Amino acid sequence: MISPYGVFISYQVNVDASGNNIIGDAANECTISVDPTNLSRMAIGWRQFDDVTSNFRQAGYGYTTDGGLTWTFPGVLQPGFFRSDPVTGSDETGNFFYLSLRSSWPVQTFYCDDMWSSTDGGASWSLISGKQGAIGGDKQWFTIDKTGGPGHHFQYQANDQASCDTGIFNRSTDAGVTWGAQVDIPNEPIYGTLDVDSNGNLYVGGEGNTFYCARSSNAQIGNQTPTFDQVIPVDMGGDLSGGGINPAGLTGQCFLAIDHSGGPTNNNIYMLASVLPPGQSTTEVMFVRSTDGGLTFSAPLRINDDTNHQSKWHWFGTFSVAPNGRLDSVWYDTRNAANNRDSQLFYSYSTDAGVTWSSNVAVSNSFDPSQGYPNQDKIGDYITIVSDETGGNVAYSATFNFNPNNGQHEEDVYYVRVFPGGQGPSPTPTATPTATATSTPTPTVTPTATPTATATSTPTPTATSTARPTPTPRGTPTPRGRPTPRPRP
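What you are looking at is a predicted structure, and each value in this text was computed from that prediction instead of being measured.

(A) Representation of the state of the cysteines in the model. Taken as a whole and assessed by the stated rule, the structure comprises 1 disulfide. Residue pairing for Cys-112: its cysteine sulfur links by disulfide to Cys-164, the two sulfurs lying 1.9 Å apart. Sign of the S-S torsion, about 85° for the bond between Cys-112 and Cys-164, identifies this disulfide as right-handed. Here Cys-112 is found in strand S9 (residues 112-118), whereas its partner Cys-164 is found in the loop between strand S12 (155-158) and strand S13 (169-172), with 52 residues between them in sequence. Using a relative accessible area of 4% as the deciding quantity, one classes Cys-112 as buried. Summary of cysteine pairing: Cys-213 is not part of a disulfide, and the nearest cysteine sulfur, belonging to Cys-254, is at 8.6 Å. Accessibility expressed as a relative area gives 1% for Cys-213, which makes it buried. What makes Cys-254 buried here is its relative accessible area of 0%.

Below you can see the structure in the form of structure tokens.
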């Protein structure tokens, strides 16, 4: 399936050997990696459901060598094993990594992660951490230290507390092969991504009883236990939520990214999320920035620019920072839908560190996200984007294909390249930063964990559940009980 929309063209990724749609499957929750040494080489990982009547899913992957015009779908990381929550990343030399959540089938009795790597642009993958060797947990994200400092090639991951052991954070000091035991992060920010600044400081975004930006300045020191020496509350203009337009899933997560442009905005810290504002029943894409190492953040700025935004969904908001400092954001949007359900992928960019954003533009055809559900009523929990000097590479799920066997459209994975062009800026000024909060240190991480090269176990489905409408307050580092049920996994 090739789905053009104006100058933007979406290419299906989960296709058969002839490049055609595979009828009867479902694919969602996609994450993209781009080889920085050869931008034509990309890989996407996703949750692959071979049968939409089952909750059993595996770790699907596809790759391209021609800039996304054609995709090859070789299969799954490990046939017959239940996997979920795919996260991929690339180091500065073009090695790809795939962090995959494992659990048991047909009942989920554990949530543990494996790390896989690819040296051929995502065409083949090898298990490098050993079975469940990355430890981790559910809704995990990871990042790679690409600086030339002492933490070079260290990998860091955080999960949502449904973890393999205790704690929500751990690291690898040998490029993903062995992983240390997990520790907590003060105030327990979850559902958020991580990034490393040019000085090797690690930052973790997420939501606890509010949003937080947590810093570890010593995670880059291999013989020290990582501690989080700065944990700052951040006002994002609302809370993460779930349900609604994505009944058994989240409507957004917290994305944190750092500017590595080397210019005046270098080391700016940005956070973006689709949040539910107070008194509202639909989500908005909100953005904040810090210019002082995460000590203070700007007031939240809304990126979606539609007039009747309070009644429309702007969900799965995500973004990335280009090497030249440009910010690219994409999200699902119902502004053009009379039924307030049919969604389009929308795009906006900023060339002034997020002070102003371009007029929003639709970059995909409309699709009904409520069709094609596997035996789980959601289209995943996130989409992703990776930016380069001239545009952004997006992996997202949509229901463009029709399945004649069940009379519904079906969930598939698509790639689209977005780029500035045609939109003028919408100069909504960002409010001045407001400093707040102090930090607290955290427990210990022991960088051990023995890799074993092969996997075992049997497949697994997953439990449904509803996402929390509002976060449950938590105290400081002490582990908390699970809040209202969240989508698993």
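(B) Main features of the sheet that holds S9. Strands sit in the order S7-S8-S9-S10 across an open sheet of 4 strands; the sheet is antiparallel. Every interior strand has two partners, whereas the edge strands, strand S7 (83-90) and strand S10 (126-127), have only one. Where strand S8 (residues 96-102) meets S9, 7 bridges bridge the pair, whose relative direction is antiparallel. Opposite Leu-101, over in S9, you have Asp-113 as the bridge partner.

(C) Examining the sheet that holds strand S15 (residues 202-207) more closely. Within the open sheet, the 4 strands sit side by side as S14-S15-S16-S17. Their pairing is antiparallel. This sheet does not close on itself; its edge strands, each paired only once, are strand S14 (194-196) and strand S17 (230-234). Strand-to-strand twist in this sheet, taken as the mean axis angle between neighbours without regard to direction, amounts to 20°. One ladder, built from 5 bridges, connects strand S16 (residues 211-216) with S17; its direction is antiparallel. Across the sheet, Cys-213 pairs through a bridge with Ile-232, a residue of S17.

(D) Focus on the pairing of strand S25 (residues 314-321). S25 sits mainly inside the fold: 8 of its 8 residues count as buried. Summarising the sheet, S25 and strand S26 (residues 327-333) pair through 6 bridges and their orientation is antiparallel. From the neighbouring strand, Ser-320 faces S26, where its bridge partner is Asp-328.

(E) Broad picture of the pattern of salt bridges. All chains considered together, the criterion is met by 13 salt bridges. A salt bridge links Arg-47 to Glu-29, with the nearest nitrogen and oxygen atoms 3.8 Å apart. You can see Arg-47 sitting in strand S4 (residues 42-49) and its partner Glu-29 sitting in strand S3 (residues 26-34), a full 18 residues away along the chain. Exposure class is identical for Arg-47 and Glu-29. Each is buried.

(F) Seen up close, the layout of surface pockets. One number sums up the size of the largest pocket: a volume of about 1100 Å³. Lining of the largest pocket is provided by 41 residues; of these, Ser-90, Lys-146, Asp-195, Val-321 and Val-386 occupy positions nearest its centre. At the level of secondary structure, the elements contributing two or more residues to the lining of the largest pocket comprise S3, S7, strand S11 (141-144), S14, strand S20 (254-258), S25 and strand S30 (384-387). Here the lining of the largest pocket is composed, by residue class, of 20 nonpolar, 13 polar and 8 charged.

(G) View of the packing of aromatic side chains. If you walk through the whole model with that rule in mind, you get 23 aromatic pairs. Ring centres 4.9 Å apart and planes at 35° place the aromatic pair Phe-8 and Phe-419 in the tilted group. Remark: Phe-419 occurs in the loop between strand S32 (408-418) and strand S33 (425-426) and Phe-8 occurs in strand S2 (residues 8-12); sequence separation between them is 411 residues. Since its relative accessible area comes to 5%, Phe-8 is described here as buried. Using a relative accessible area of 26% as the deciding quantity, one classes Phe-419 as partly exposed. Their ring planes at 65° and their centres at 6.4 Å tell us that Phe-154 and Tyr-156 sit as a pair that is edge-to-face. Taken individually, Phe-154 and Tyr-156 each receive the classification buried, so the pair is uniform in this respect. An aromatic cluster of three or more residues is present, and its members are Trp-315, Phe-316, Tyr-332, Phe-367, Tyr-396, Phe-400 and Tyr-414.

(H) Region of the structure containing the pairing of strand S21 (residues 269-275). Here S21 lies mainly inside the structure; 7 of its 7 residues are buried. Residues Ile-269, Met-271, Ala-273 and Val-275 line one face of S21 and the alternating positions Tyr-270, Leu-272 and Ser-274 line the opposite face, and both faces are buried. Of the strand pairs in this sheet, S20 and S21 are connected by 5 bridges, and their pairing is antiparallel. For Leu-256, the partnering residue across the bridge sits in S21 and is Met-271. Looking at chain direction, S21 and strand S22 (residues 284-290) are connected through 7 bridges and run antiparallel. Across the sheet, residue Ala-273 finds its bridge partner in S22, namely Met-286.

(I) Looking closely at the nonpolar core. Leu-202 and Met-271 are the most contacted members of the largest nonpolar core, which has 63 residues in total. It is S21 that provides the largest number of residues to this core, a total of 6 residues. Counting residues in each nonpolar core, the second largest holds 22 residues, with Ile-245, Ile-379, Phe-400 and Tyr-414 among its members.

Cut-offs applied
- Residues numbered from 1 in each chain as written.
- Predicted model: local features only at pLDDT ≥ 70, side-chain atom pairs only at ≥ 80, totals over all residues.
- Heavy atoms only, no water.
- Disulfide = S-S within 2.5 Å.
- Helix = DSSP H or I, 4+ residues; strand = E, 2+ residues; numbered from the N terminus.
- Buried < 20%, exposed > 50% of the residue type's maximum accessible area, 1.4 Å probe, protein only.
- Pairing = 2+ DSSP bridges.
- Axes fitted to C-alpha atoms, helices over the stretch in contact; angles between N-to-C directions.
- Salt bridge = Lys/Arg side-chain N within 4 Å of Asp/Glu carboxyl O.
- 1 Å grid on protein atoms, 1.4 Å probe; cavity = no way out; pocket = protein on both sides within 12 Å on 5 of 7 lines; lining within 4 Å.
- Points joined across faces, edges and corners; volume = space filled by probe spheres on them.
- Nonpolar A, V, L, I, M, F, W, Y, C, P; charged D, E, K, R; others polar.
- Phe/Tyr/Trp six-rings, centres within 6.5 Å; stacked < 30°, edge-to-face > 60°.
- Core = buried A, V, L, I, M, F, W, Y, C linked by side-chain atoms within 4.5 Å.

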